[in-house]
Amino acid sequence: MTEARAATDASPINPQRVFQSLSPRLPGDVMLACDVGSATNWYARHLKIRHGMLGSVSGGLASMGNAVPYLLAAKFAHPERPAVALVGDGAMQMLGNNALITLAKYWREWKDPRCIILVLNNHDLSQVTWEQRVMEGDPKFDTSQDLPEFHYDQYAELLGFKGLRMEHEDDVDRIWDEAMAADRPVVINAYTDPDIAPLPPHIEFDQAKSYLASIVKGDSSGVHSAKLSAKQMGRSLFKRKH
(Lines give C-alpha, C1' and ligand atoms only; values in the text may rest on other atoms or scores of the structure.)
Protein backbone atom coordinates (compact mmCIF):
# COMPACT_ATOMS: atom_id res chain seq x y z
CA MET A 1 0.00 0.00 0.00
CA THR A 2 2.81 2.43 0.78
CA GLU A 3 4.35 1.81 -2.64
CA ALA A 4 1.02 2.55 -4.31
CA ARG A 5 0.54 5.81 -2.43
CA ALA A 6 4.11 6.88 -3.18
CA ALA A 7 3.36 6.43 -6.89
CA THR A 8 0.49 8.94 -6.80
CA ASP A 9 1.14 11.88 -9.11
CA ALA A 10 1.60 15.19 -7.30
CA SER A 11 2.71 18.75 -7.96
CA PRO A 12 5.62 19.06 -8.04
CA ILE A 13 6.78 15.92 -6.14
CA ASN A 14 4.99 13.44 -3.91
CA PRO A 15 6.96 13.46 -0.61
CA GLN A 16 6.21 9.76 -0.18
CA ARG A 17 8.08 9.14 -3.43
CA VAL A 18 11.16 10.84 -1.95
CA PHE A 19 11.19 8.55 1.09
CA GLN A 20 10.32 5.44 -0.93
CA SER A 21 13.34 6.12 -3.14
CA LEU A 22 15.63 6.68 -0.16
CA SER A 23 14.80 3.45 1.65
CA PRO A 24 16.76 0.94 -0.49
CA ARG A 25 19.68 3.38 -0.75
CA LEU A 26 20.27 3.63 3.00
CA PRO A 27 23.74 2.40 4.03
CA GLY A 28 23.67 -0.49 6.47
CA ASP A 29 25.26 1.58 9.25
CA VAL A 30 23.34 4.82 8.63
CA MET A 31 22.17 7.06 11.47
CA LEU A 32 18.77 8.64 10.81
CA ALA A 33 17.32 11.74 12.45
CA CYS A 34 13.73 12.65 11.64
CA ASP A 35 12.14 15.95 12.56
CA VAL A 36 8.63 16.54 13.87
CA GLY A 37 5.98 17.20 11.23
CA SER A 38 4.74 15.54 8.06
CA ALA A 39 8.25 14.10 7.60
CA THR A 40 7.56 11.88 10.61
CA ASN A 41 4.69 10.20 8.77
CA TRP A 42 6.79 9.38 5.72
CA TYR A 43 9.75 8.29 7.85
CA ALA A 44 7.58 5.80 9.76
CA ARG A 45 5.77 4.44 6.72
CA HIS A 46 8.29 4.35 3.90
CA LEU A 47 11.73 3.66 5.38
CA LYS A 48 12.66 0.06 6.09
CA ILE A 49 15.06 0.22 9.03
CA ARG A 50 17.42 -2.74 8.89
CA HIS A 51 19.53 -4.30 11.62
CA GLY A 52 22.59 -2.13 12.31
CA MET A 53 20.92 1.19 11.53
CA LEU A 54 20.11 3.83 14.14
CA GLY A 55 17.03 6.04 14.03
CA SER A 56 15.88 8.94 16.19
CA VAL A 57 12.74 11.06 16.37
CA SER A 58 11.43 13.54 18.93
CA GLY A 59 8.62 11.19 19.85
CA GLY A 60 8.10 12.14 23.48
CA LEU A 61 8.63 15.88 23.22
CA ALA A 62 7.24 16.22 19.69
CA SER A 63 8.97 19.57 19.31
CA MET A 64 10.09 20.80 15.89
CA GLY A 65 13.73 21.45 15.09
CA ASN A 66 15.35 18.30 16.44
CA ALA A 67 16.67 16.63 13.28
CA VAL A 68 19.80 18.61 12.42
CA PRO A 69 20.96 18.85 16.08
CA TYR A 70 20.33 15.10 16.41
CA LEU A 71 22.41 14.51 13.28
CA LEU A 72 25.26 16.58 14.75
CA ALA A 73 25.16 14.67 18.02
CA ALA A 74 25.16 11.35 16.14
CA LYS A 75 28.20 12.38 14.08
CA PHE A 76 30.11 13.52 17.15
CA ALA A 77 29.40 10.14 18.77
CA HIS A 78 30.10 8.07 15.63
CA PRO A 79 32.18 10.13 13.15
CA GLU A 80 32.86 7.02 11.08
CA ARG A 81 29.19 6.45 10.19
CA PRO A 82 27.00 8.20 7.57
CA ALA A 83 23.99 10.21 8.72
CA VAL A 84 20.76 11.45 7.17
CA ALA A 85 18.41 14.10 8.59
CA LEU A 86 14.82 14.38 7.33
CA VAL A 87 13.41 17.84 7.89
CA GLY A 88 10.40 19.95 6.95
CA ASP A 89 10.93 23.49 5.76
CA GLY A 90 9.27 24.90 8.89
CA ALA A 91 11.74 23.17 11.20
CA MET A 92 14.61 24.05 8.88
CA GLN A 93 13.77 27.73 9.05
CA MET A 94 13.26 27.63 12.82
CA LEU A 95 16.56 25.97 13.72
CA GLY A 96 18.04 23.76 11.03
CA ASN A 97 19.63 26.54 8.98
CA ASN A 98 21.49 27.80 12.04
CA ALA A 99 22.62 24.32 13.06
CA LEU A 100 24.27 23.95 9.65
CA ILE A 101 26.81 26.55 10.74
CA THR A 102 28.02 24.14 13.42
CA LEU A 103 28.14 21.36 10.85
CA ALA A 104 30.30 23.57 8.62
CA LYS A 105 32.77 24.00 11.46
CA TYR A 106 33.32 20.34 12.30
CA TRP A 107 32.58 18.06 9.34
CA ARG A 108 36.17 17.95 8.07
CA GLU A 109 37.25 16.32 11.34
CA TRP A 110 35.03 13.27 10.82
CA LYS A 111 36.34 10.04 9.33
CA ASP A 112 33.21 9.68 7.20
CA PRO A 113 32.02 13.15 6.10
CA ARG A 114 28.72 11.90 4.71
CA CYS A 115 25.84 13.92 6.15
CA ILE A 116 22.69 14.41 4.12
CA ILE A 117 19.98 16.86 5.12
CA LEU A 118 16.74 16.43 3.19
CA VAL A 119 14.47 19.49 3.34
CA LEU A 120 10.84 18.99 2.32
CA ASN A 121 10.22 22.41 0.82
CA ASN A 122 6.45 22.74 0.50
CA HIS A 123 5.95 26.28 1.86
CA ASP A 124 3.48 25.00 4.43
CA LEU A 125 3.43 23.91 8.07
CA SER A 126 1.60 20.94 6.64
CA GLN A 127 1.23 18.71 9.69
CA VAL A 128 -0.69 21.43 11.52
CA THR A 129 -2.63 22.26 8.37
CA TRP A 130 -3.85 18.66 8.17
CA GLU A 131 -4.62 18.56 11.89
CA GLN A 132 -6.81 21.63 11.47
CA ARG A 133 -8.63 20.06 8.57
CA VAL A 134 -9.19 16.58 9.93
CA MET A 135 -9.54 17.21 13.68
CA GLU A 136 -11.32 20.56 13.72
CA GLY A 137 -12.93 20.82 10.29
CA ASP A 138 -11.18 24.15 9.74
CA PRO A 139 -9.71 25.23 6.40
CA LYS A 140 -6.02 25.98 6.06
CA PHE A 141 -5.23 29.31 7.76
CA ASP A 142 -2.81 30.66 5.18
CA THR A 143 -1.60 33.57 7.32
CA SER A 144 -0.02 31.27 9.89
CA GLN A 145 0.68 28.23 7.71
CA ASP A 146 2.41 29.65 4.64
CA LEU A 147 6.21 29.75 4.71
CA PRO A 148 8.53 31.97 2.67
CA GLU A 149 10.76 30.57 -0.05
CA PHE A 150 14.35 29.82 0.95
CA HIS A 151 17.01 28.30 -1.31
CA TYR A 152 18.40 25.67 1.03
CA ASP A 153 20.68 24.21 -1.63
CA GLN A 154 22.27 27.57 -2.40
CA TYR A 155 22.74 28.30 1.30
CA ALA A 156 24.49 24.93 1.62
CA GLU A 157 26.93 25.89 -1.12
CA LEU A 158 27.79 29.09 0.77
CA LEU A 159 28.76 26.94 3.77
CA GLY A 160 31.02 24.69 1.70
CA PHE A 161 28.55 21.82 1.35
CA LYS A 162 27.04 20.28 -1.74
CA GLY A 163 23.62 21.71 -2.55
CA LEU A 164 21.18 19.64 -4.60
CA ARG A 165 17.64 20.29 -5.75
CA MET A 166 14.67 18.04 -6.49
CA GLU A 167 12.14 19.88 -8.64
CA HIS A 168 10.54 17.05 -10.63
CA GLU A 169 9.71 13.39 -10.04
CA ASP A 170 12.49 12.38 -12.43
CA ASP A 171 15.05 14.09 -10.16
CA VAL A 172 14.42 11.94 -7.11
CA ASP A 173 16.45 8.79 -7.77
CA ARG A 174 19.32 10.65 -9.43
CA ILE A 175 19.66 13.19 -6.61
CA TRP A 176 19.69 10.49 -3.92
CA ASP A 177 22.45 8.65 -5.78
CA GLU A 178 24.47 11.85 -6.14
CA ALA A 179 24.01 12.71 -2.46
CA MET A 180 25.10 9.26 -1.29
CA ALA A 181 28.29 9.51 -3.37
CA ALA A 182 29.29 12.99 -2.15
CA ASP A 183 32.56 13.64 -0.31
CA ARG A 184 31.06 16.29 1.97
CA PRO A 185 27.76 17.19 3.67
CA VAL A 186 24.79 17.57 1.33
CA VAL A 187 21.59 19.59 1.60
CA ILE A 188 18.75 18.49 -0.68
CA ASN A 189 16.13 21.12 -1.43
CA ALA A 190 13.13 18.95 -2.36
CA TYR A 191 10.07 20.76 -3.68
CA THR A 192 7.19 18.59 -2.49
CA ASP A 193 3.42 18.83 -2.57
CA PRO A 194 1.93 19.89 0.81
CA ASP A 195 -1.48 18.52 -0.15
CA ILE A 196 -0.50 14.86 -0.02
CA ALA A 197 -2.57 13.73 2.95
CA PRO A 198 -1.02 11.51 5.65
CA LEU A 199 -3.94 9.13 5.27
CA PRO A 200 -4.29 6.53 8.05
CA PRO A 201 -4.92 2.89 7.10
CA HIS A 202 -8.54 3.27 8.22
CA ILE A 203 -10.39 6.57 7.90
CA GLU A 204 -13.04 7.20 10.53
CA PHE A 205 -16.34 8.88 9.70
CA ASP A 206 -15.65 11.92 11.91
CA GLN A 207 -12.29 12.46 10.20
CA ALA A 208 -13.85 12.36 6.75
CA LYS A 209 -16.69 14.64 7.88
CA SER A 210 -14.28 17.24 9.29
CA TYR A 211 -12.12 17.12 6.18
CA LEU A 212 -15.11 17.74 3.92
CA ALA A 213 -16.21 20.57 6.20
CA SER A 214 -12.82 22.26 5.83
CA ILE A 215 -13.20 22.17 2.04
CA VAL A 216 -16.73 23.58 2.16
CA LYS A 217 -15.51 26.43 4.36
CA GLY A 218 -13.13 27.56 1.63
CA ASP A 219 -9.79 25.85 2.12
CA SER A 220 -7.36 27.46 -0.34
CA SER A 221 -6.00 24.04 -1.33
CA GLY A 222 -9.17 22.09 -0.75
CA VAL A 223 -9.92 20.94 -4.29
CA HIS A 224 -6.32 19.98 -5.00
CA SER A 225 -5.91 18.09 -1.71
CA ALA A 226 -9.22 16.28 -2.22
CA LYS A 227 -8.15 15.09 -5.68
CA LEU A 228 -4.83 13.84 -4.36
CA SER A 229 -6.52 12.06 -1.44
CA ALA A 230 -8.92 10.34 -3.84
CA LYS A 231 -5.99 9.25 -6.03
CA GLN A 232 -4.15 7.82 -3.03
CA MET A 233 -7.20 5.90 -1.85
CA GLY A 234 -7.87 4.62 -5.34
CA ARG A 235 -4.32 3.36 -5.75
CA SER A 236 -4.45 1.68 -2.33
CA LEU A 237 -7.71 -0.12 -3.13
CA PHE A 238 -6.44 -1.22 -6.52
CA LYS A 239 -3.24 -2.54 -4.95
CA ARG A 240 -5.19 -4.60 -2.41
CA LYS A 241 -7.29 -6.26 -5.10
CA HIS A 242 -4.21 -7.25 -7.07
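Preceding this paragraph is the structure being described.
Definitions and cut-offs
- Residues numbered from 1 in each chain as written.
- Predicted model: local features only at pLDDT ≥ 70, side-chain atom pairs only at ≥ 80, totals over all residues.
- Heavy atoms only, no water.
- Axes fitted to C-alpha atoms, helices over the stretch in contact; angles between N-to-C directions.
- Helix = DSSP H or I, 4+ residues; strand = E, 2+ residues; numbered from the N terminus.
- Parallel < 35°, antiparallel > 145°, perpendicular 65-115°, else oblique.
- Contact = heavy atoms within 4.5 Å.
- Nonpolar A, V, L, I, M, F, W, Y, C, P; charged D, E, K, R; others polar.
- Salt bridge = Lys/Arg side-chain N within 4 Å of Asp/Glu carboxyl O.
- Buried < 20%, exposed > 50% of the residue type's maximum accessible area, 1.4 Å probe, protein only.
- Polar contact = N/O pair within 3.5 Å; in protein donor to acceptor, adjacent residues only side chain to side chain.

Peer 1: Describe in detail the packing of helix α4 (residues 67-77) against helix α5 (residues 89-106), supporting the description with residues and values.
Peer 2: At a minimum axis distance of 8 Å, the contact between α4 and α5 shows a crossing angle of 25°. On the basis of the axis angle, α4 is roughly parallel to α5. Within the contact between the two elements, α4 uses V68, P69, L71, L72 and F76 and α5 uses M92, L95, G96, A99, L100, T102, L103 and Y106. Partitioned by chemical class, the residues of the contact of α4 with α5 number 11 nonpolar, 2 polar and no charged.

Peer 1: Summarise the pattern of salt bridges; cite the residues concerned and give the values.
Peer 2: Per the stated rule, a full pass over the model turns up 11 salt bridges. One salt bridge in this structure joins D171 and R174, with 3.1 Å as the shortest N-O distance. Taken together, the residues D171 and R174, both in helix α9 (residues 171-180) and 3 residues apart, mark about one turn of the helix. R174 serves as the salt-bridge partner of E178, at 3.9 Å between the closest nitrogen and oxygen. Taken together, the positions of E178 and R174, both in helix α9 and 4 residues apart, correspond to about one turn of that helix.

Peer 1: Help me get a handle on the side chain of D153, residues and values and all.
Peer 2: Note on placement: D153 falls in helix α8 (residues 152-158). Given the relative accessible area of 8%, D153 is considered buried. Polar contacts involving the side chain of D153 include one to the side chain of N189, which spans 3.0 Å. Apart from the residues lying within four places of it in its own chain, the contact partners of D153 are G163, L164, R165, V187 and N189.

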